[in-house]
Amino acid sequence: MSDQPHGEVVLRVNGADQVLAVDNRVTLLDALREHLRLTGTKKGCDHGQCGACTVLLDGERANSCLLFAVAVDGRTVTTVEGLADGDELHPLQRAFIAHDAFQCGYCTPGQLCSAIGMLAEAAAPQDLDDAEISERMSGNLCRCGAYLGIVAAVREVAGG
Amino acid sequence: MTAGTGLSRLEGREKVMGAARYAYEHPVEDALYVWPVAATVGSGTVVEVDAAAALADPAVVTVLDHTNAPRLRPAQIADQLVLQSPAVAWRGQIVAGVVATTPEAAREGAEQVVVRYAERPHHVVLDPADPALELPGELFGGQPGSFAKGDVDAGLAAADVVLDRVYTTPAQHHNPMETVATTAWWSGERLVVHDSNQGPWIAAVGFGQLWDIPPEQVEVVTEHVGGGFGAKVRPTPGAVLATMAARVTGRPCKLMLTRQHMFTMSPGRSATRSRFRLGARRDGTLTAVDHDALQYSSPIHEFVEQTGLATRTMYATDNLRIIHRLARLNLPTPRVMRAPGHTPGMFALESAMDELAYALDLDPLALRLANEPAVDPASGEPFAGRHLVDCLTVGADRFGWAARDPTPGVRRHGRWLFGTGLAASVYPAYQRVATATARAEPDGSFSVSVGAVDIGTGARTALWQLATDLLGSPVEIHIGRSSYGNAPVAGGSSGTASWGGAVRNACTALRERLAGHGGAVPADGLEVTAESTPLPPGRSRHSFGAHFCAVRVDADTGQVRVDRLLGVFAHGRPLNARTAHSQLIGGMVMGVSMALHEQTVVDPRLGMFVNHDLAQYHVATNADIHGLEAHSLERPDDDITLVGGKGIGELGIVGAAAAVANAVHHATGVRVRDLPITLERLRGG
Amino acid sequence: MRPFRYARATDPGAAATLVAGVPDAVYLGGGTNLVDLMKLGVLRPGLVVDVSGLPYDVVEHDPDGGALIGGAVRNHRLARDEGVGRRFPALTEAVLAGASGQIRTQATVAGNLLQRTRCPYFQNTSTACNKRAPGSGCSAIPGVHRDLAVLGTSDACVASHPSDLAVALAAYDAVVEVRRPDGVQRLVPIHELHRLPGATPWIETVLEPGDLITGVRLPPPPAGALATYRKVRDRWAYAFAVVSVAAVLRIEAGRIAQARVALGGVAPRPWRLWPTERALVGTDPTDDEVRAATRLAFADARPLPGNAFKLDLAADLVAAVLRDLRAAA
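Residue positions within a chain follow its written sequence, with the count starting from 1. Think of it this way: whatever chain is written first is A, whatever ligand is written first is 1, and the rest follow in order. Owing to the predicted nature of the model, reporting of local features is limited to residues with pLDDT of at least 70; listing and counting of side-chain atom pairs is limited to 80 or more, with chain, interface and lining totals taken over all residues.

### Remarks on the overall build of chain C
Looking only at helices and strands, chain C features twelve helices and twelve strands. Put simply, the radius of gyration uses C-alpha atoms, and a globule should come to 2.2 Å times the residue count raised to 0.38. Since a compact globule built from 329 residues should have a radius of gyration of about 20 Å, the 19 Å found for chain C is in line with a globular shape. Along the first, second and third principal axes, the C-alpha atoms of chain C reach 60 × 50 × 35 Å. Expressed as a percentage of its 329 residues, the buried residues of chain C come to 62%. Within chain C, contacts between residues separated by at least 24 positions form 64% of all contacts whose residues are at least 6 apart in sequence. Secondary structure elements are taken from DSSP: a helix is a run of H or I of four residues or more, a strand is a run of E of two residues or more, and numbering for both begins at the N terminus. Burial in this document is a count-based property: other C-beta atoms within 10 Å of a residue's C-beta are tallied, and the residue is buried at 20 or more, exposed at 12 or fewer, or partly exposed in between, with C-beta positions derived from the backbone. We call two residues in contact when the distance between their C-beta atoms, placed using the backbone, is within 7 Å.

In structure tokens, the structure reads:
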């Protein structure tokens with residue numbers, strides 16, 4: 001244990017190791033946004049109540065606002081900036097554009113990471129019907145009301 | 001031609017890659033972080049702000065309060081006069097601001113600030129018997145506060161059936177996913193603000209007034225905005241605080257309101273109470289419409305929700321009276337929220353029409369058709385394309401309304417009770433003054449700049465389509481900066497019409513100038529700046545629509561599920577069918593959310609909004625939305641605005657809550673007149 | 001948020017010693033409630049001891065049909081466990097009814113049991129709250145208490161426990177395994193874990209400083225029993241229960257042979273309906289008889305104006321759930 005209210009962490013973010021000296025109070029969300037300037041991950045409520053900050057932590061979706069950066073030392077983080085393969089968008093990113101699955105775009109990074117995590121959770125993603133996709137995506141609020149497009153985009157990528 | 005087609009959003013790729021930059025994300029070096037301190041009394045005076053404990057942390061640079069904050073010039077909107085006086089008008093008002101080198105230190109500093117108050121009794125209950133109610137002369141949009149035509153009392157006396165009902169809607173909050181966020185710095189006497197707002201020019205004017213500098217000396221940048229819905233129409237108190245912190249420290253300052261702050265440091269929608277008295281003859285003809293609407297404003301600024309405005313336009317009657325009353329409550333000044341006035345007012349009117357239909361034993365659709373006016377019932381002006389009857393009849397066909405048995409509470413299958421309901425929608429069409437500049441370069445390229453903002457409406461894409469069509473080749477479109485000139489906010493469903501009108505005029509003029517040059521562009525290019533103008537008086541201009549809703553209600557618990565909500569809308573020609581459709585659906589989603597979930601709950605004793613986060617202020621989740629359809633009628637109405645279309649952004653929400661409530665009544669036999677339709681209200685009925 | 005020291009525990013003994021010895025120390029599991037409350041200023045620990053890496057993250061199934069669920073097992077992992085889903089379906093349903101997919105990947109079983117009330121006043125440091133600031137008073141009783149408790153409350157506190165998981169555990173007669181700082185294991189029946197507020201609402205559980213929930217033991221479910229969890233909430237996902245019910249029912253020859261019914265959202269802990277269960281055994285009840293039996297458990301209810309509806313709702317919900325379970329039998 002350190003007697004200091006700060007520590008050093010190594011995060012593997014979008015494939016690259018990042019060494020950060022952070023105040024223990026810094027959340028993963030703020031570490032990404034303020035320290036690494038990866039501002040794609042959004043802060044909507046800062047309390048796990050909206051899903052805008054969703055990232056993939058070791059491949060599982062998680063609210064980055066509820067994780068202290070020091071507590072995820074050594075873990076692998078994928079943010080929205082890490083979804084595309086260079087200029088080649090992830091199929092879900094393409095589907096979001098095609099289905100107009102966003103308006104203001106602020107919840108979108110969280111929706112994308114959440115959906116990718118959700119599809120990985122599902123034993124048979126192609127069998128998910130719209131109601132199941134809706135339920136499983138309900139941790140991501142969209143105030144613009146783009147839910148229909150989100151479900152359509154996710155279903156397309158799920159292969160159902 | 002690209003206009004009218006469903007081109008995908010220009011910024012779509014940036015948004016799905018996380019590259020689209022919002023106000024707080026503009027990279028600045030050496031930034032400080034600002035954290036507001038909220039008043040903890042409902043009314044009173046700040047006696048002392050003790051910042052000693054906060055300042056003990058070396059990371060805390062300064063603490064601003066009413067004693068040391070820079071002086072601002074009195075503004076029209078008193079909410080913006082942050083830290084200019086010790087007066088506390090509502091709980092949650094900004095009474096101090098902590099400025100620190102990290103957000104963590106700023107937050108903790110704000111916790112350490114001790115504020116002492118001389119507390120006064122507060123008044124936060126909207127009460128029709130309140131002896132201090134005011135009769136405001138004007139609604140917020142400038143319309144008269146009261147309206148009367150004919151003799152309502154005589155009309156009611158002549159009626160076969162009189163319906164007298166009270167409908168209420170609670171305070172609501174926009175809750176855009178991005179909270180109010182600002183990155184501000186001063187460069188000499190020039191203020192630069194990357195701000196999450198709904199109109200950079202209007203924001204620049206607002207900041208300029210407060211700081212007593214011309215708006216040209218303020219550069220407001222709104223590259224991308226994470227939703228607005230009315231919450232970010234003018235400089236919010238938080239944004240003002242950020243500019244003050246930047247002024248005092250000489251460094252760039254960043255502020256992002258917490259979700260909790262948003263409930264008292266940015267506006268919400270007023271609670272409303274509408275008493276409707278409708279008189280009708282047996283055949284359904286309305287003999288009188290009397291709408292007595294009550295709403296509130298704060299003690300420091302008058303904002304009058306236009307709750308009764310839609311009542312002027314909807315149904316034919318010789319006797320029409322609309323009164324607005326205003327209570328002054330110790331609550332944050334409410335302001336516009338998606339379809340201000342029309343959203344709560346049409347919940348009331350369209351619920352009342354449904355009740356009247358039952359009282360008359362008429363189909364709710366037939367009752368509306370029986371009262372279709374030839375001209376605007378209040379103004380007597382001809383309609384510039386109404387099409388409400390088309391919306392109702394087309395919607396009824398698509399929905400299968402004709403097969404409906406009107407008997408309430410009789411369709412039970414297993415645990416579920418099923419029902420259907422309809423309601424109309426209306427929203428005024430506006431076109432405001434805006435400025436746009438179109439430029440041709442010698443290399444044949446074009447660029448267009450306009451102080452528009454895309455808060456998710458698709459405005460960037462629509463304006464690009466418009467300009468590209470007019471100039472005949474793809475343009476570079478620049479929006480989101482106050483330096484592009486006078487432009488209205490994204491609000492009142494008028495943004496695209498106003499900005500687009502200016503773009504159209506500028507592009508058309510540029511084309512003429514080009515023709516004058518024989519098609520050749522001079523070495524220094526050609527540039528034309530043009531304006532759009534308000535629509536001339538003399539016609540009643542509105543978009544109309546109709547919602548048809550099917551619900552199921554759990555007979556054991558009272559939980560409501562919307563199975564289907566079908567909307568048919570007549571809004572003129574949209575610039576982009578895809579984003580227009582998304583706007584309509586988005587409004588309907590918010591309408592379902594309003595019907596079933598949304599309310600900002602007031603604790604009368606503490607003078608406080610209690611449920612100030614997204615776990616407690618419920619908005620619809622993905623799982624709450626099923627079976628939504630929006631259809632647009634092809635009714636060009638080309639004479640309405642310079643871009644052809646009327647407003648779209650608010651049309652989807654208006655009436656949606658009434659359609660849900662009417663369907664819930666049909667399913668259960670219980671009429672819920674107070675939103676939201678909670679399970680205890682249903683069970684209590 | 002107050003600056004704090006952070007320690008990652010590698011063995012439970014050291015962790016317990018740290019936490020037991022420092023008055024303002026807390027355990028950190030998934031953090032989904034702790035981080036939330038630290039941001040609000042409700043909790044201001046000086047030391048955070050991260051126990052999420054301790055080896056209590058497995059689900060073990062016993063040959064007799066019982067199971068041991070580790071305290072550090074994430075909700076998501078628990079919900080995917082096939083053995084749990086088969087033997088304890090109400091538990092799986094309860095986990096999946098809670099929070100959101102991305103919260104469930106982090107939230108732990110122990111943290112779920114120890115999560116704090118969602119009373120709005122508890123979460124708002126500008127108001128009086130006996131649970132947060134002992135002796136300051138209760139703002140909820142004269143204020144907004146619609147979502148709060150109607151059973152087991154006191155004049156000092158009407159907070160409700162928000163867990164879904166705990167309600168199902170109560171219906172399965174779970175026993176909480178607690179490791180004391182001295183290493184000795186202590187077994188606490190689930191319905192005894194949380195204390196009623198009485199005059200000391202800030203003391204929420206029977207745990208002592210440094211005690212660590214290492215797991216939850218589920219005895220084998222009654223043979224042939226049917227079970228389900230149903231949650232009534234204000235929207236169809238991502239909301240705390242207004243009222244919820246977990247029911248385990250065994251039917252023999254058309255009559256209820258065994259019943260275990262627990263309510264959520266109505267009390268400071270998952271609320272077993274013992275009188276109801278006793279009244280139902282041996283009967284083939286109508287819906288009204290189930291409602292009447294449910295009300296037997298409400299004799300000491302303390303409804304407030306804003307939440308009195310929960311009692312009738314609970315009775316209707318129990319009737320509906322038992323009706324559906326018996327129809328499936």
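### Here's the deal with the domain arrangement of chain A
Residue and element names in this part refer to chain A. The split of the chain into domains comes from an automatic or database domain assignment. When cut into domains, chain A gives domain 1 (6–82) and domain 2 (91–158). Of note, the centres of domain 1 and domain 2, computed from C-alpha atoms alone, are 21 Å apart. If you look at the interface, domain 1 gives 15 residues, while domain 2 gives 14 residues. Where the side of domain 1 that touches domain 2 is concerned, the elements lending two or more residues are strand 3 (54–57) and strand 4 (60–63). If you tally residues by element for the side of domain 1 that touches domain 2, the top one is strand 3, at three residues.

### Points about the interface of chain C and chain A
Listed as interface residues are 21 residues of chain C and, on the opposing side, 28 residues of chain A. When the residues that make up the side of chain C that touches chain A are grouped by side-chain class, the tally is ten nonpolar, seven polar and four charged. Each residue gets one of three labels, nonpolar for Ala, Val, Leu, Ile, Met, Phe, Trp, Tyr, Cys and Pro, charged for Asp, Glu, Lys and Arg, and polar for the others, Gly among them.

### Some remarks on the pairing of strand 2 (residues 25–28) of chain C
Residues and elements named next belong to chain C. Where strand 2 lies against strand 3 (residues 47–50), four bridges are found, and the strand directions are parallel. Paired with Tyr27 across the two strands is Val49, which belongs to strand 3. A right-handed crossover is one whose linking path, passing over the helix from the first strand to the second, runs clockwise when the strands point away from the viewer. Taken together, strand 2, helix 2 (residues 34–40) and strand 3 form a β-α-β motif whose crossover is right-handed. Whether two strands pair depends on DSSP finding at least two bridges between them.

### Here's the deal with the pairing of strand 1 (residues 32–38) of chain B
All names here are of chain B. In terms of residue burial, strand 1 counts as a mostly covered element, since seven of its seven residues are buried. As paired elements, strand 1 and strand 12 (residues 253–256) share three bridges and run parallel to each other. Paired with Tyr33 across the two strands is Lys254, which belongs to strand 12. Direction of pairing for strand 1 relative to strand 5 (residues 94–100): antiparallel, over a ladder of six bridges. When the sheet's bridge partners are listed, Tyr33 is paired in strand 5 with Ala100.

### Looking at the interface of chain A and chain B
Counting residues at the interface gives 50 residues for chain A, matched by 45 residues for chain B. Put simply, the parts of the chain that give the side of chain A that touches chain B at least two residues each are helix 1 (28–35), helix 2 (91–98), helix 3 (108–121), helix 4 (130–136) and helix 5 (147–158) of chain A. Here the element with the most residues in the side of chain A that touches chain B is helix 5 of chain A; it accounts for five residues. Here the side of chain A that touches chain B is built from residues that sort into 24 nonpolar, 15 polar and eleven charged.

### Overview of the sheet that holds strand 14 (residues 286–297) of chain B
Residue and element names in this part refer to chain B. Strand order in this open sheet of five strands is 7-15-14-13-8, and the pairing throughout is mixed. Only two strands of the sheet have a single partner each, and these edge strands are strand 7 (146–149) and strand 8 (161–169). Here the average twist between neighbouring strands, direction ignored, is 10 degrees. A fitted line through C-alpha atoms represents every axis, and for helices the fit uses only the stretch in contact; the resulting angles, taken between N-to-C directions, go from 0 to 180 degrees.

### Some details on unusual backbone geometry
Omega for the peptide link from Leu675 of chain B to Pro676 of chain B comes to -5 degrees, which places this bond in the cis form. One can find Pro676 of chain B in the loop between helix 14 (656–668) and helix 15 (679–684). Even without glycine at this site, Asp173 of chain C takes up a positive phi of about 55 degrees. For Asp173 of chain C, the position within the fold is in the loop between helix 8 (165–171) and strand 6 (175–179). Given 18 C-beta atoms within 10 Å, Asp173 of chain C falls into the partly exposed group.

### Things to note about the sheet that holds strand 7 (residues 185–189) of chain C
Residues and elements named next belong to chain C. Strands sit in the order 4-5-8-6-7 across an open sheet of five strands; the sheet is antiparallel. If you trace the sheet from one side to the other, it starts and ends with strand 4 (59–61) and strand 7, each paired once. Taken pair by pair, the neighbouring strands of this sheet meet at an average axis angle of 20 degrees, ignoring direction.

### Remarks on the environment of Arg335 of chain B
Residue and element names in this part refer to chain B. Its location among the elements puts Arg335 in the loop between strand 15 (320–328) and helix 8 (342–360). Taking the C-beta count within 10 Å as the criterion, Arg335 has 26 such neighbours and is therefore assigned buried. Spatially, the C-alpha atom of Arg335 lies 29 Å from that of Asn68, the residues being 267 residues apart in sequence. Setting aside residues no more than four positions away along its own chain, Arg335 makes contact with Gly230, Val233, Pro267 and Phe303.

### So, the environment of Leu207 of chain C
All names here are of chain C. With respect to the helices and strands, the residue Leu207 is situated in the loop between helix 9 (190–193) and strand 8 (212–218). On the neighbour-count criterion, Leu207 (20 C-beta atoms within 10 Å) is buried. A C-alpha to C-alpha distance of 22 Å links Leu207 and Cys119, two positions 88 residues apart in sequence.

### Observations concerning the nonpolar core
Grouped together as the largest cluster of nonpolar side chains are 399 residues, with contacts concentrated most on Val98, Val450, Leu463, Ala467 and Val660 of chain B together with Ala171 of chain C. With eleven residues, helix 12 (residues 309–328) of chain C is the single largest residue contributor to this core. Not counting chain neighbours up to four residues away, the residues in contact with Ala467 of chain B comprise Ala438, Val448, Val475, Ile477, Val503 and Cys507 of chain B. Working definition: the nonpolar core is a set of buried Ala, Val, Leu, Ile, Met, Phe, Trp, Tyr and Cys residues, joined through C-beta atoms within 7 Å.

### Details of the confidence of the model for chain C
Note on scores: pLDDT gives the predictor's confidence for each residue, bounded by 0 and 100. Averaged over all residues, the pLDDT of chain C is 97; the fraction at 70 or higher stands at 100%. Reported confidence for the predicted complex is 0.98 by ipTM and 0.98 by pTM.

### A short note on helix 1 of chain A
Among the eight residues that make up helix 1 of chain A, seven are buried, leaving the element largely enclosed by the rest of the structure. Along helix 1 of chain A, the positions that sit buried rather than exposed are Leu28, Leu29, Asp30, Ala31, Leu32, Arg33 and Glu34 of chain A. Buried positions along helix 1 of chain A lie against strand 2 (16–23) of chain A together with helix 3 (103–112) of chain B.

### Let's talk about the packing of helix 13 (residues 577–596) of chain B against helix 14 of chain B
Residues and elements named next belong to chain B. At their nearest, the axes of helix 13 and helix 14 sit 7 Å apart, and the two run at 50 degrees to each other. Judged by the inter-axis angle, helix 13 sits oblique to helix 14. The two elements helix 13 and helix 14 meet at a crossing, and its hand is right-handed. Contacts between helix 13 and helix 14 pair Met588, Gly591, Val592, Met594, Ala595 and Leu596 from the former with Ala656, Ala657, Val660 and Ala661 from the latter. Counted by class, the contact of helix 13 with helix 14 contains nine nonpolar, one polar and no charged residues. Each angle receives one of four descriptions, namely roughly parallel if under 35 degrees, roughly antiparallel if over 145, roughly perpendicular if within 65 to 115, and oblique otherwise. Take the far helix as the reference: if the near one is turned anticlockwise from it by less than a right angle, the crossing is left-handed, and if turned clockwise, right-handed.

### Considerations on the environment of Thr205 of chain C
All names here are of chain C. For Thr205, the position within the fold is in the loop between helix 9 and strand 8. A tally of 17 C-beta atoms within 10 Å means that Thr205 is categorised as partly exposed. Distance from Thr205 to Val51, taken between C-alpha atoms, is 19 Å for residues 154 residues apart in sequence. When sequence neighbours within four positions are dropped, the list of residues in contact with Thr205 reads Leu114, Leu193, His194 and Arg195.

### Describing helix 3 of chain B
Every α-helix carries 3.6 residues per turn, so stepping three or four residues along brings you back to the same face. Most of helix 3 of chain B sits out of view: nine of its ten residues are buried. All of the buried residues in helix 3 of chain B are Pro103, Glu104, Ala105, Ala106, Arg107, Glu108, Gly109, Ala110 and Gln112 of chain B. If you follow the buried residues of helix 3 of chain B, they end up packed against strand 2 and helix 1 of chain A together with strand 1, helix 2 (52–55), strand 3 (60–65) and strand 5 of chain B.

### Some words on the packing of helix 2 of chain A against helix 5 of chain A
Residues and elements named next belong to chain A. As a packed pair, helix 2 and helix 5 sit with axes 8 Å apart at the nearest point and diverge in direction by 140 degrees. One element, helix 2, and the other, helix 5, form an angle in the oblique class. Where helix 2 crosses over helix 5, the handedness of that crossing is right-handed. Contacts from Pro91, Leu92, Ala95 and Phe96 of helix 2 reach helix 5 at Ala153, Glu156 and Val157. Partitioned by chemical class, the residues of the contact of helix 2 with helix 5 number six nonpolar, no polar and one charged.

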